[in-house]
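Topology and contacts: notes
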Amino acid sequence: MSSLAERKARLIVHGDAPYNAEPPLARLRAAYRTAADDFYVRSHGDLPEIDADGYRLSVDGTIQTALELSLHGLRSRFPQVTVTATMQCAGNRRADMRAVAPVSGDPWDGGAIGTADWTGVRLGDVLREAGIDAGADLHVAFESHDTVEGHPYGASIPLAKALAPETLLAYAMNGAPLLPEHGFPLRAVVPGFAGVRSPKWLKRVTVQDRPSDNPIQAGDYKLFPPDVTAETADPNAGHTINTMPLNAVICEPARGARLKAGSNIVSGYAVCGDRAVVRVDVSGDGGRTWAQAALEHDARAPFAWTFWSIDLDLPAGEHELAVRAWDEAGQTQPAAPDDTWNYKGYLSAAWHRVHITAA
């Protein structure tokens, strides 16, 4: 296994403490399933070191039987499941909003996203073993081994999503044990939801009658209108970010690229939290005219992204490439990041634009 330093060298690092990094877009687009070494890293605090042999996961709260599970116990007591799913940070493409006005947080380009085969056990199977009341209006709270400003990392999801067959307690990624920065030895994987709802380094799962009161859940990852500032924001009035919006990104060519005039392949990805992408339009003139791209999607993976590509005829000169996706509900993306700007820079999903020169 490569060292953490070697893996960092492959990525665009936005911060070392906490460690946050994303891959170059061309390398992200090179494979439908993202290699662990090329998968974005979003950390809120330290990267804990956990001994797999001594590891235990506690399951408690509004259940009939509290559980304490080792990795061996998880593997031996519950069916192993693999789910192919895309994970994405709520701040992906924040750099586009930052170009409109200042925002807080790391300046993610379009690489705070990745798709992997996640292997583990269904969280629902564990909760049913513990005697959950599946019809109750409950929430499932996660607590992790990492700490953020003196508090253990914590988040929660509604019980219905916790019981959904795609939601996992995962111990492997693309057929190999999780890397330390991706949550070894155990993490949650909640497909379709923002990455913040898939905590790494899990310590405890608690069933309760309310969302988590952890600062990550109660105070952060809230969507606000554009007139709200850091000074005026009331977390109780913000919209809690769960499901991710429709989005599309041009991965190749890169911004500022110089291409030969004529036929050029333009490619990227499109993704929608819990709906299918059905069309991707690409423009070589900033959105005045559009052509439809060819789509590539794994039909067995409803929570995975869609790859797209198109051959555009680009005459000599400067061009603004643009992409927009459509989902199965007939919805598409806003044209400009100004339309959805917020001071946190969350859910940046306007048309992705890339300026290039053909000669």
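Below or above, wherever it landed, is the structure these notes cover.

Let us now look at the overall build of the chain. Each helix and strand in the chain was counted, giving seven helices and 24 strands. Radius of gyration (C-alpha) of the chain: 21 Å, near the 21 Å computed for a compact globule of 359 residues. Taking the principal axes of the C-alpha coordinates as reference, the chain spans close to 70 × 45 × 40 Å. Carbon and sulfur atoms make up 50% of the accessible area of the chain, which totals about 14,900 Å². Across the chain, the 33 positively charged side chains and the 44 negatively charged ones have centroids separated by 2 Å.

Further remarks concern the sheet that holds strand S5 (residues 67-69). Spatial strand order, S5-S4-S13-S8-S9: five strands in an open sheet with mixed pairing. Across the chains shown, the open sheet's two edge strands, defined by having one partner strand only, are S5 and strand S9 (151-158). Adjacent strand axes in the sheet meet at a mean angle of 20°, parallel and antiparallel pairs treated alike. Pairing analysis gives three bridges linking strand S4 (residues 57-61) to S5, with the strands arranged antiparallel. Among the inter-strand pairings, Ser58 is bridged to a residue of S5, identified as Glu68.

This next bit is on the environment of Ala95. Secondary-structure assignment places Ala95 in helix H4 (residues 94-98). The exposure class of Ala95 is partly exposed, given its relative accessible area of 27%.

The subject of this paragraph is the sheet that holds strand S2 (residues 19-22). One open sheet holds the three strands; their spatial order is S1-S2-S3, and the pairing between them is antiparallel. Each of the sheet's edge strands pairs with one partner strand only, and the pair in question is strand S1 (12-16) and strand S3 (41-42). Pairing of S2 with S3 involves two bridges; the strand directions are antiparallel. Residue pairing in the sheet places Ala21 in a bridge with Val41 of S3.

Residues Val59, Val126, Leu127, Val140 and Leu169 are the most contacted members of the largest nonpolar core, which totals 34 residues. Of all the secondary structure elements, the ones that give two or more residues to this core are S4, S5, helix H3 (71-77), helix H5 (123-129), strand S8 (139-148), helix H6 (159-163), strand S10 (168-173) and strand S13 (202-208). Residues contacting Val126, with those up to four places away along its chain left out, are Val59, Leu67, Leu69, Leu74, Phe78, Val121 and Leu169. In terms of nonpolar packing, the next biggest core, distinct from the first, is built from 22 residues, Ile250, Cys272, Ala293 and Ala358 among them.

Further remarks concern the environment of Thr357. Position of Thr357 relative to the elements: it lies in strand S24 (residues 352-358). A C-alpha to C-alpha distance of 5.7 Å links Thr357 and Gly317, two positions 40 residues apart in sequence. For Thr357, the contacting residues outside a window of four places in its chain are Ala257, Arg258, Leu259, Gly317 and Glu318.

Conventions we followed
Residues numbered from 1 in each chain as written. Predicted model: local features only at pLDDT ≥ 70, side-chain atom pairs only at ≥ 80, totals over all residues. Heavy atoms only, no water. Helix = DSSP H or I, 4+ residues; strand = E, 2+ residues; numbered from the N terminus. Rg over C-alpha atoms; globule rule 2.2 N^0.38 Å. Areas by Shrake-Rupley, 256 points an atom, 1.4 Å probe, with all protein chains shown as cover. Lys, Arg positive; Asp, Glu negative; His and termini not counted. Charge placed at Lys NZ, Arg CZ, Asp CG, Glu CD. Pairing = 2+ DSSP bridges. Axes fitted to C-alpha atoms, helices over the stretch in contact; angles between N-to-C directions. Buried < 20%, exposed > 50% of the residue type's maximum accessible area, 1.4 Å probe, protein only. Core = buried A, V, L, I, M, F, W, Y, C linked by side-chain atoms within 4.5 Å. Contact = heavy atoms within 4.5 Å.

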